[in-house]
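Descriptive structure summary
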Amino acid sequence: MEIERKFLPVLEQLPFRPEDYPCHRIEQGYLCTDPVVRVRRDDDSYYLTYKSKGLMVREEYNLPLTKESYLHLIAKADGRVITKNRYIIPLEDDLKLELDIFEGDLAPLILAEIEFPDEASARDYQPPAWLGEEVTYSTQYHNSALASGQKQLTADKT
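The model shown is predicted, which means the values in this text are computed figures rather than measured ones.

Parameters at a glance
Residues numbered from 1 in each chain as written. Predicted model: local features only at pLDDT ≥ 70, side-chain atom pairs only at ≥ 80, totals over all residues. Heavy atoms only, no water. Core = buried A, V, L, I, M, F, W, Y, C linked by side-chain atoms within 4.5 Å. Buried < 20%, exposed > 50% of the residue type's maximum accessible area, 1.4 Å probe, protein only. Helix = DSSP H or I, 4+ residues; strand = E, 2+ residues; numbered from the N terminus. Contact = heavy atoms within 4.5 Å. Phe/Tyr/Trp six-rings, centres within 6.5 Å; stacked < 30°, edge-to-face > 60°. pLDDT = per-residue confidence, 0-100. Pairing = 2+ DSSP bridges.

Here's the deal with the nonpolar core
By size, the foremost hydrophobic cluster in this structure holds 19 residues, and its most contacted members are Phe-16, Leu-97, Leu-99, Ile-114, Phe-116, Tyr-125 and Leu-131. Contributions of two or more residues to this core are made by β1 (2-8), β7 (78-90), β8 (96-102) and β9 (110-115). The dominant element in this core, judged by the number of residues it contributes, is β9, at three residues. Excluding anything up to four places from it in sequence, Leu-97 contacts Phe-16, Tyr-87, Ile-88, Ile-89, Leu-91, Ala-112, Glu-113, Ile-114, Trp-130 and Leu-131. In this structure, Tyr-30, Val-36, Val-135 and Leu-146 belong to the second largest nonpolar core, which totals twelve residues.

Shown next as structure tokens:
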């Protein structure tokens, strides 16, 4: 189960420098969006992921892939292949902020996600002002929607 809230931070307003934290280079494409089936390269690891419908709470299953399997499947992706740098920033209460800085035609989009251990802590979380507008309940900020070509709905908001 994935329980997360999503925000649109402004890079210049962050109280830290992303480059001071661990970074993962991510490339991902979508084989299907209903249900969501994604393939992802995360540095040198490869996955096939299924995600259920939902906004703040979704089922998520990750299966490891070989590099060869990933390359075979990413060539079959619908829409754009997303590339981004993901910075992992520790927060209070053992939470982690995943700051995604998109590249290519999705730049200058920046999304911040915080995963929570349960729904109650997600609902109770009071985000700092620098996290910006919350977009947890907007499907247009799902990566599967971004891959389908909805750039104007996203990058213009950052």
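Examining the packing of aromatic side chains
The relative placement of two aromatic rings is captured by the distance of their centres and the angle of their planes. A complete count under the given rule lists five aromatic pairs for this structure. Ring centres 5.8 Å apart and planes at 80 degrees place the aromatic pair Phe-16 and Tyr-21 in the edge-to-face group. An aromatic cluster is defined as three or more aromatic residues linked by ring pairs; in this entry it consists of Phe-16, Tyr-21 and Trp-130.

Things to note about the confidence of the model for the protein
Mean pLDDT over the protein works out to 93, with 94% of the residues at or above the 70 mark. Contacts for the low-pLDDT stretch residues 152-158, under 50 throughout, to residues beyond four places or in other chains number 19 contacts.

Comments concerning the pairing of β7
Walk down a regular strand and you will see the side chains alternate between the two sheet faces. Bridge analysis of strand β2 (residues 23-33) against β7 gives seven bridges, and the strand direction is antiparallel. Looking across to β7, one finds that Glu-27 is bridged to Thr-83. Pairing of β7 with β8, which is carried by seven bridges, proceeds in the antiparallel orientation. Residue pairing in the sheet places Tyr-87 in a bridge with Leu-99 of β8.

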